[in-house]
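# Survey of secondary and tertiary structure
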Amino acid sequence: MARHRKKRQKRAATPTGLMREMLAAAESAAHDGSLEIALAIAATTDRVTVDTTTTPFEARPDNLFELTFNDEHVGLSNDQMAIFKANLGVLLPALKRDIAAIPENANLLIGDVARLVMLLLLREP
Amino acid sequence: VAWKPLIFCGACALMVEARAYAQAPTEEYAVRRVTAVFLQQHTFVDVDFTDPLELDDEAIYREGNVTLESLPSATDLRPGKPARLPGRRMSLRVMYAAHPADSDDTLRICFAEIVFRDPAGKPRSAAKLCGGATILRADGIVAAIADQVKTLTETPAISTELPVFASGFLVAAEGETEGGTDLHLNGLDLGLPGLHAFLHLRKSSAEEGDPRNFEAGASYRATVLRDTDRLESIRAQLQMLRRAPTPEARLAASQSIDETMKAIQRQLLAGYLFDVGGRLEGQATNFNVTNAVAEVSTHLQSRTKSLFGARRGFWRFRVSAGVEAGGTLREPDEPGATDSVSQALERADWIARLKAGATLTLLYVNDGSARFLRRLEFEAGVVHRGLLVEEVRFDDVTQTNNTTDTGHRPYAQADLKAYFFETAGARYGAKISYAYGSLPPVYSKVSSVQFGFLFERTR
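Residues numbered from 1 in each chain as written. Chains lettered and ligands numbered in written order. Predicted model: local features only at pLDDT ≥ 70, side-chain atom pairs only at ≥ 80, totals over all residues. Heavy atoms only, no water.

Quick look at the overall build of chain B now. Within chain B, the regular secondary structure consists of 4 helices and 21 strands. In chain B, once contacts between residues fewer than 6 apart in sequence are set aside, the share between residues at least 24 apart is 66%. For chain B, the accessible area works out to roughly 21,900 Å², and carbon and sulfur atoms hold 57% of it. (Helix = DSSP H or I, 4+ residues; strand = E, 2+ residues; numbered from the N terminus. Contact = heavy atoms within 4.5 Å. Areas by Shrake-Rupley, 256 points an atom, 1.4 Å probe, with all protein chains shown as cover.)

In structure tokens form, the structure reads like this:
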């Protein structure tokens, strides 16, 4: 009886091929720095929220990375870009020097900054 | 400072402003960019499309929808199913299992079917969409980073923020044609993190509308966060989230992150900014008075807060205080001259000022309940300088710099923009600006209102 239960539990815990692919993609997304960027923005503006209880995480607005920092749905100023960069430096301390080089220009596309951070993380050993 | 009656603009101006708000859909329904990564632990392809996807449509994720090959060997890379990326409506990520041949340098991805969402919100299917990219390997990462940094530094900075703590501007006119310039170049990258150059020019031919202000210099900025401890806690929880051995541990870590973030979002202040810099300030545009000024200032920067707790707008503010010190570079044309202008220049040697100021930004976006008003933007800034030693002052009666003075020099400016019509690519409205006070180096009095119609591109 106990052996059967153990077998059932093992089967239930084993992901299907589709689930594996989805989890792999979700894990990949979780490690590309986009979550840290979303959190660093949310720490600067109430307009952006992040839900990390889902996999992958959910950001509001749901097209956050396709907006600029000064978009009305984000609401950052050039001065607040310095705050965002400092937030991101705390969340990704290994990249602090590289993050400091990001221009304090709220007209930047968030996705462009995310792409830079992804490349910087790929560079890390 | 004596109060002067306001001057209302006789001729209304048409103002054109441009902002890049979002990665705008192009209605091309195609692949925009492919990023193909092949590294030791990372084998994925990110595909950016030109338009938003219908992300809930099963057709995008069905078996066999994606083919992926590396070229020129035409190796099948055995792609998985496309996955959505958080915070993106126009992108997909595809993981792959096989390795490209060593001689391959290009990757080609094709989708049998992609379902887009058109501007009307209806699904629009596109068949056989393909794109390609150079394979990003370990030896290409540094060059890719350099390219991306270039993309960021070349993005134009469009600032609608009032640089009033540095200065301010307006135009006044009454029954005659008046002109002026208001040029602000901020955040010019000098290649060193934290170091920025700036240039401000405010000049007008209008009486009581000319600040006669020119400033150019550089400053270094340091940032101190208000919530470093909470962010460090989030960083620790992120590590736990990624290494969590069980779903329960994962959930506990993510709940802790979300709770900590909510605590941060309840705060009003985001951090403190410290600026140290130097600048040349001159009487625009003849430089009859020119000062070299060093400045140390600190700013309390708020977070961006939702307007009245709603999602329809936001507000933010910044409070500043600082010290300015320096010297006058301009000497009298002839030593010992007895005319009033020369004597004023003779008396003014050093600069010592205290200053304090604040800016407030407010945005309201109509949710459809108001019939005409689509959007309202308000921005106000004030700076108050206390002159500790005598400085040259412009005399409005004689139109010369023939006096010197100490004391208080306030300057305030406010802009109100109201938008009444909006299309997919632009919005139309009116703007009214008010300014009062005086700015260095000659403290020419300004008191005026400007009104104009506004056309603003949103793409």
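Continuing now.
Residue and element names in this part refer to chain B. For Glu54, the position within the fold is in the loop between strand E3 (43–49) and strand E4 (66–71). Using a relative accessible area of 14% as the deciding quantity, one classes Glu54 as buried. Residue contacts for Glu54: discarding those within four places in its chain leaves Ile60, Val115, Phe116, Arg117 and Pro123. (Buried < 20%, exposed > 50% of the residue type's maximum accessible area, 1.4 Å probe, protein only.)

Attention now moves to the pairing of E3 of chain B. All names here are of chain B. Across the 7 residues that make up E3, a large majority, 7, are buried. Judged from the 7 bridges that link them, strand E2 (residues 31–38) and E3 form a sheet pairing that is antiparallel. Paired with Thr35 across the two strands is Asp46, which belongs to E3. Hairpin remark: E2 followed by E3, antiparallel, with 4 residues in the connecting loop. (Pairing = 2+ DSSP bridges.)

Moving on to the confidence of the model for chain A. Residues and elements named next belong to chain A. On average, residues of chain A score 83 in pLDDT, and 76% of them are at 70 or above. Mean pLDDT across the elements of chain A ranges from a minimum in helix H1 (residues 2–13), with 42, to a maximum in helix H3 (residues 34–42), with 97. Note on residues 1–15: pLDDT under 50 across the span, and 2 contacts to partners over four residues away in sequence or across chains. (pLDDT = per-residue confidence, 0-100.)

We now examine the confidence of the model for chain B. A low pLDDT means the predicted coordinates there should not be read in detail. All names here are of chain B. In this model, chain B carries a mean pLDDT of 83, and residues with pLDDT of at least 70 account for 83%. Every residue in residues 1–21 is under pLDDT 50, and counting partners more than four places away or in other chains gives 74 contacts. Ignoring residues within four places in sequence, the model shows residues 166–177, a span with pLDDT below 50, making 49 contacts including any to other chains.

Residue and element names in this part refer to chain B. Note that Phe453 resides in strand E21 (residues 446–457). By relative accessible area, Phe453 is classed as partly exposed at 48%. For the pair Phe453 and Gly429, spaced 24 residues apart in sequence, the C-alpha separation works out to 5.9 Å.

Okay, the packing of aromatic side chains next. Residue and element names in this part refer to chain B. The full count for this structure, using the stated rule, is 7 aromatic pairs over all chains. Look at Tyr29 and Phe116: their rings are 5.3 Å apart centre to centre, the planes differ by 65 degrees, and that puts the pair in the edge-to-face class. In this pair, Tyr29 is assigned in the loop between strand E1 (13–18) and E2 and Phe116 in strand E8 (residues 106–117), connecting sequence segments 87 residues apart. Classification of Tyr29 by relative accessible area gives buried; the value is 7%. Through a chain of ring-to-ring contacts, three or more aromatic side chains come together here, namely Tyr29, Phe49, Phe111 and Phe116. The lysine or arginine in question, Arg93, covers the ring of Phe44, its NZ or CZ lying 4.2 Å from the ring centre. Across from the ring centre of Phe394, 3.8 Å away, lies the NZ or CZ of Arg212, which sits over that ring. (Phe/Tyr/Trp six-rings, centres within 6.5 Å; stacked < 30°, edge-to-face > 60°. Lys NZ or Arg CZ within 6 Å of the ring centre and 35° of its normal.)

All right, on to a nonpolar patch on the surface then. Residue and element names in this part refer to chain B. Residues Phe372, Phe420, Phe421 and Tyr428 make up a contiguous nonpolar surface patch of about 460 Å² in total accessible area. When you line up the elements, Phe421 lands in strand E19 (residues 400–422). A relative accessible area of 58% means that Phe421 is categorised as exposed. (Patch = residues over 30% accessible without salt bridge, like charges linked within 9 Å, V, L, I, M, F, W, Y side chains within 5 Å. Salt bridge = Lys/Arg side-chain N within 4 Å of Asp/Glu carboxyl O.)

Contact geometry for helix H4 (residues 78–91) of chain A and helix H2 (residues 228–243) of chain B: axes closest at 8 Å, N-to-C directions at 45 degrees. The angle between H4 of chain A and H2 of chain B places the two elements in the oblique class. Seen from above, H4 of chain A lies across H2 of chain B with right-handed handedness. Between H4 of chain A and H2 of chain B, the contacting residues are Asn87, Val90 and Leu91 of chain A on the first element and Thr228, Leu231, Glu232, Ile234 and Arg235 of chain B on the second. Within the contact of H4 of chain A with H2 of chain B, the residues separate by chemical class into 4 nonpolar, 2 polar and 2 charged. (Axes fitted to C-alpha atoms, helices over the stretch in contact; angles between N-to-C directions. Parallel < 35°, antiparallel > 145°, perpendicular 65-115°, else oblique. Left-handed = near helix turned anticlockwise from the far one by under 90°. Nonpolar A, V, L, I, M, F, W, Y, C, P; charged D, E, K, R; others polar.)

In this section: the pattern of salt bridges. All names here are of chain B. Under the defined criterion, the tally for this structure stands at 38 salt bridges over all chains. Among the ionic pairs, Glu259 bridges to Lys262, the shortest N-O distance being 3.9 Å. Note that Glu259 and Lys262 are positioned in helix H3 (residues 247–265) at a spacing of 3 residues, about one turn of the helix. In this structure Glu259 comes out as partly exposed when scored by relative accessible area, which is 48%. A salt bridge links Asp405 to Arg393, with the shortest nitrogen-to-oxygen separation between them at 3.5 Å. Here Asp405, found in strand E19, pairs with Arg393, found in strand E18 (residues 375–395); they are 12 residues apart in sequence, far enough to count as distant. Judged by its relative accessible area of 26%, Asp405 falls in the partly exposed class.

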